[in-house]
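Below, each chain spelled out in residue letters.
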Amino acid sequence: DAGVTQSPTHLIKTRGQQVTLRCSPKSGHDTVSWYQQALGQGPQFIFQYYEEEERQRGNFPDRFSGHQFPNYSSELNVNALLLGDSALYLCASSLAWAESNYGYTFGSGTRLTVV
Amino acid sequence: AQSVTQLDSQVPVFEEAPVELRCNYSSSVSVYLFWYVQYPNQGLQLLLKYLSGSTLVKGINGFEAEFNKSQTSFHLRKPSVHISDTAEYFCAVSKTDKLIFGTGTRLQVFP
């Protein structure tokens, strides 16, 4: 049973560029959440997608956007990259509603470096 | 607002010694509590969780944690650590279907 798959594993971008990160949830999961983990910090919640809609959002600017596809996979887009966007981006999948807190599965992350 | 404080950024310990990683949370409502482990260059793996019921929660790899509502704590313990336990440990709280993490504790196990 495949877990959460994220691609790419590493990425280097230049300031001002745009980036797209991808996530395939664990089989049977329908909800995808994205987290940003800066070096030496705990993960910070960016947003969550369910039924192809953004269900809730953390304290991140509009430069961060996402999408969920009918097969439950998801993309995270970041526009106008800043040096401070350098981080490990984690995707977590779960089942919807009250069960989500009980069964998050995290991917291994995408390491984004902005130069 | 909910928040999580991990009191120790680093905990060095010798192999086979006991260890406690401390976590305090603040919340005005009931919460769900979690401990995750992150090995180098990997994602997060769930160690254990407290949702309700018994305040002593047993997890994987011999870890356990005790929920203390009066002290708003959820400390993680292991009676005898191994070299392979060297990793970053995160305490997290959840109420509205998202996780709020602490800043992490680096557990370093020495031979």
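Shown above is the structure to which this text applies.
What you see is a predicted model, and the numbers here were worked out from it, not measured in a lab.

Another point: the pattern of salt bridges. Pairs can form between side chains of opposite charge whenever their charged atoms are close. Tallied over the full model, the rule gives eight salt bridges over all chains. Close ionic contact of A:Arg57 with A:Glu54 constitutes a salt bridge, the shortest N to O distance being 3.1 Å. With a relative accessible area of 27%, A:Arg57 lands in the partly exposed category. Of the residues examined, A:Glu54 reaches a relative accessible area of 34% and is grouped as partly exposed. Notably, a salt bridge pairs B:Asp85 with B:Lys78, separated by 2.8 Å at the nearest N-O pair. Note on accessibility: B:Asp85 and B:Lys78 belong to one class, buried. Linked by salt bridges that have partners in common, B:Glu20, B:Glu66 and B:Arg77 make up one network.

Facing the 20 residues of chain A at the interface are 19 residues of chain B. Between chain A and chain B, the buried area comes to about 1600 Å², and carbon and sulfur atoms account for 48% of it. Remark: the boundary between chain A and chain B carries zero salt bridges. For the pair chain A and chain B, the number of links is two residue pairs in polar contact (both at pLDDT 80 or more). Breaking the side of chain A that touches chain B down by element, the ones donating at least two residues are strand S4 (31-37), strand S5 (44-50), strand S6 (53-57) and strand S9 (87-94) of chain A. Split into classes, the residues belonging to the side of chain A that touches chain B amount to nine nonpolar, 10 polar and one charged.

Bringing the nonpolar core into the picture now. With 28 residues, the main nonpolar core has B:Leu33, B:Trp35, B:Leu47, B:Leu48, B:Phe74, B:Leu76 and B:Tyr89 as its most contacted residues. Here B:Leu48 is in contact with B:Leu33, B:Phe34, B:Trp35, B:Val57, B:Lys58, B:Gly59, B:Phe63, B:Glu64, B:Ala65, B:Phe74 and B:Leu76, once residues within four sequence places are set aside. Core analysis: the second largest hydrophobic core is formed by 20 residues, A:Phe64, A:Val78, A:Leu112 and A:Val114 among them.

Moving on: the side chain of A:Ser93. Residues and elements named next belong to chain A. Inspection of the secondary structure puts serine 93 in strand S9. Overall, the relative accessible area of 0% leaves serine 93 in the buried class. In terms of polar contacts, serine 93 uses its side chain to reach the backbone amide nitrogen of lysine 26, at 3.2 Å. When near neighbours in sequence (up to four residues on either side) are disregarded, serine 93 contacts Val4, Pro25, Lys26, His29, Thr31, Val32, Gly103, Tyr104 and Thr105.

Procedures and definitions
Residues numbered from 1 in each chain as written. Chains lettered and ligands numbered in written order. Predicted model: local features only at pLDDT ≥ 70, side-chain atom pairs only at ≥ 80, totals over all residues. Heavy atoms only, no water. Salt bridge = Lys/Arg side-chain N within 4 Å of Asp/Glu carboxyl O. Buried < 20%, exposed > 50% of the residue type's maximum accessible area, 1.4 Å probe, protein only. Contact = heavy atoms within 4.5 Å. Buried area = accessible area lost by both parts, 1.4 Å probe. Polar contact = N/O pair within 3.5 Å; in protein donor to acceptor, adjacent residues only side chain to side chain. Helix = DSSP H or I, 4+ residues; strand = E, 2+ residues; numbered from the N terminus. Nonpolar A, V, L, I, M, F, W, Y, C, P; charged D, E, K, R; others polar. Core = buried A, V, L, I, M, F, W, Y, C linked by side-chain atoms within 4.5 Å.

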